[in-house]
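Each chain, written out:
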Amino acid sequence: MEIKRISIYNEFECIGKDCPENCCRSIWEIPIDPDMYNKYCNEKGIWGLLLRCSTVQRRDLTIFRNTFRGCPFWGADHLCGIQKKHGESYMPMVCIQFPRQLYNLNFCCEETLYLSCPEAARLFLAAAAGDKPFEFIVTEGNVSYEVNTTNDDREFLDYLLKAREKLIEMLESGISYDSMAILHYGQDTQNACLGTTPLPSPQDYESGEHYRMTCEKINNWLFNGFYHPKLLTKSPLLYRLCRKYIRKFGLQSKRNSVAANQKLAALQESLYKKIPDLDKILNRYFEYYLLTDFLDIFEDYSFSKHLLFGIVKTHLLRLFIALYTEYRETINTDEIATVIAVYERRAPQISCSIYDISHCVHHE
């Protein structure tokens, strides 16, 4: 099996109790693999009883019961109680692997880092600031994790790998992450998948137009899965940023959309004075999205959806960084990494079921 590992992968080390947004205090449900659950069921004494009482069945999953703080085994010292008592041998596999993203495509495997971990986000920012390429280091070997796809079309996978390479080359050549050229390519490729026309190359597309974000669109994504009052206990920082947007822009946009959008543009413009190289960071963020999520198209063939999702996701990151920095004179790398991490944990909830992009064009 060909194993491709992202260049920052081996640099990662968990910083444990020093983490500003510990993954044990999160908005996730922590699934427990069957073998580990059987071990908990057979554990003797008080410790075994505690393990079993801390689990619950939901749908087809066995998970830890979440407390208002997060995982029930997250201690006051901000360390994992299971790991301290038994080491990794009693930890669920997802806890051992995080933030490593292990993607088995049947023909090859790609191993990257989720940016929902602040330390992984910091490594991403350090590479972006140093203009270091995100390269895959290729080795061969056996893997223990399962195949993540039902597709066995090797020719289509090779096309996706080449298309991803070309999209990244476009970003490196100066094309912005929100260029309509990217969305036009996605739309035409989507149509080609549905029909019999040849699949195009991203490099055949150029556009001076950009995807435009407005308060109306942000409201749609925010209130259809992303924002929830429970964020107050599960992700306090993200909750405060969401409430700030709602108070300053969301409510006003319903009364006067023009004024709200002008105020939003002014907020985001002021961000560039504090982070002059913000556009470079955003382009690298979209590039990293392509490296970690673009191959999801191998499963569902949805070019338009995934490319639009990446663009929207990048725009909303800029919004949350702007909200965070509004009353701060400066912002450091660790703070940006923390904002990225808490945002990434909730980002999959963004509703991106929008396929018609014909009304989303905005001329500069």
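Structure report, in brief. Because the structure is a prediction, the values reported are computed rather than measured. All chains use their own residue numbering, which begins from 1 and follows the written sequence. Note on the predicted model: pLDDT of at least 70 is required for a residue's local features to be given, and 80 or more for side-chain atom pairs to be given and counted; whole-chain, interface and lining totals, by contrast, use all residues. Processing note: side-chain calculations cover all non-hydrogen atoms of the structure and skip hydrogens and water entirely.

**A closer look at the nonpolar core**
Phase 1: Counting 97 residues, the largest nonpolar core has Phe294 and Phe320 as its most contacted members.
Phase 2: In terms of residue count, helix α14 (residues 303–325) provides more of this core than any other element does, 14 residues in total.
Phase 3: In this view, Phe294 contacts Leu160, Ala163, Arg164, Leu167, Tyr289, Phe303 and Leu307; residues no more than four positions away in its chain are not counted.
Phase 4: What we call a nonpolar core is a set of buried Ala, Val, Leu, Ile, Met, Phe, Trp, Tyr and Cys residues that are connected through their side-chain atoms within 4.5 Å. Relative accessibility thresholds used throughout: buried, under 20% of the residue-type maximum; exposed, over 50%; partly exposed, between the two (1.4 Å probe, protein chains only). Ranked by size, the runner-up nonpolar core spans 15 residues in total, among them Cys24, Ile30, Met36 and Phe73. To qualify as a helix, a DSSP run of H or I must reach at least 4 residues; to qualify as a strand, a run of E must reach at least 2; elements of each kind are numbered from the N terminus. We call two residues in contact whenever any of their non-hydrogen atoms come within 4.5 Å of each other.

**Describing the packing of helix α10 (residues 236–255) against α14**
Phase 1: Orientation is described by lines fitted to C-alpha atoms, with helices fitted over the stretch in contact, and by angles between N-to-C directions that extend from 0 to 180 degrees. Packing of α10 against α14 brings their axes to within 10 Å, and their N-to-C directions diverge by 90°. Judged on the interaxial angle alone, α14 and α10 are roughly perpendicular. Contacts from Leu237, Leu238, Leu241, Cys242, Lys244, Tyr245 and Phe249 in α10 reach Leu319, Phe320, Leu323 and Tyr324 in α14.
Phase 2: Residues are grouped as follows: Ala, Val, Leu, Ile, Met, Phe, Trp, Tyr, Cys and Pro are nonpolar; Asp, Glu, Lys and Arg are charged; all remaining types, including Gly, are polar. For the contact of α10 with α14, a count of residues per class yields 10 nonpolar, no polar and one charged. Each angle receives one of four descriptions, namely roughly parallel if under 35 degrees, roughly antiparallel if over 145, roughly perpendicular if within 65 to 115, and oblique otherwise.

**Let's talk about unusual backbone geometry**
Phase 1: In this structure, the amide linkage connecting Phe98 to the following residue, Pro99, adopts the cis form with an omega of 5°.
Phase 2: Here Pro99 is to be found in the loop between α4 (93–97) and β4 (100–104).
Phase 3: For His78, which is not glycine, the phi dihedral falls at a positive 65°.
Phase 4: Although it is not a glycine, Asp131 adopts a positive phi angle of roughly 55°.
Phase 5: If you trace the backbone, Asp131 turns up in the loop between α5 (118–129) and β6 (136–140).

**Looking at the pairing of strand β2 (residues 55–58)**
Phase 1: In the sheet, β2 pairs with strand β3 (residues 61–64) via four bridges, with the strands oriented antiparallel. Pairing of Arg58 across the sheet is with Leu61, part of β3.
Phase 2: Adjacent in sequence and paired antiparallel, β2 and β3 are bridged by two residues, among which Arg59 carries a positive phi angle near 55°. Paired strands, in this sense, are two strands between which DSSP finds at least two bridges.

**Section: the side chain of Thr314**
Phase 1: You can see Thr314 is positioned in helix α14.
Phase 2: Under this definition, polar contacts are N or O atom pairs within 3.5 Å; protein pairs additionally need one hydrogen-donor-capable and one acceptor-capable atom, and for neighbouring residues in sequence, both atoms have to be side-chain atoms. Looking at Thr314, its side chain comes within polar contact range of the main-chain oxygen of Gly310, at 2.7 Å.
Phase 3: With sequence-adjacent residues up to four places away left out, Thr314 is seen in contact with Tyr177, Leu282, Tyr285 and Phe286.

**What to know about the packing of helix α7 (residues 180–194) against α14**
Phase 1: Taken N-terminus to C-terminus, the directions of α7 and α14 make an angle of 160°; their axes are 7 Å apart at the nearest point. When the interaxial angle is binned, α7 and α14 end up roughly antiparallel. Across the interface between the two elements, Ile182, Leu183, Tyr185, Gly186, Gln187, Thr189, Gln190 and Cys193 of α7 pack against Phe303, Ser304, Leu307, Leu308 and Ile311 of α14.
Phase 2: Looking at the contact of α7 with α14, its residues break down into eight nonpolar, five polar and no charged.

Bear in mind that shape data such as this cannot, by itself, settle questions of function.
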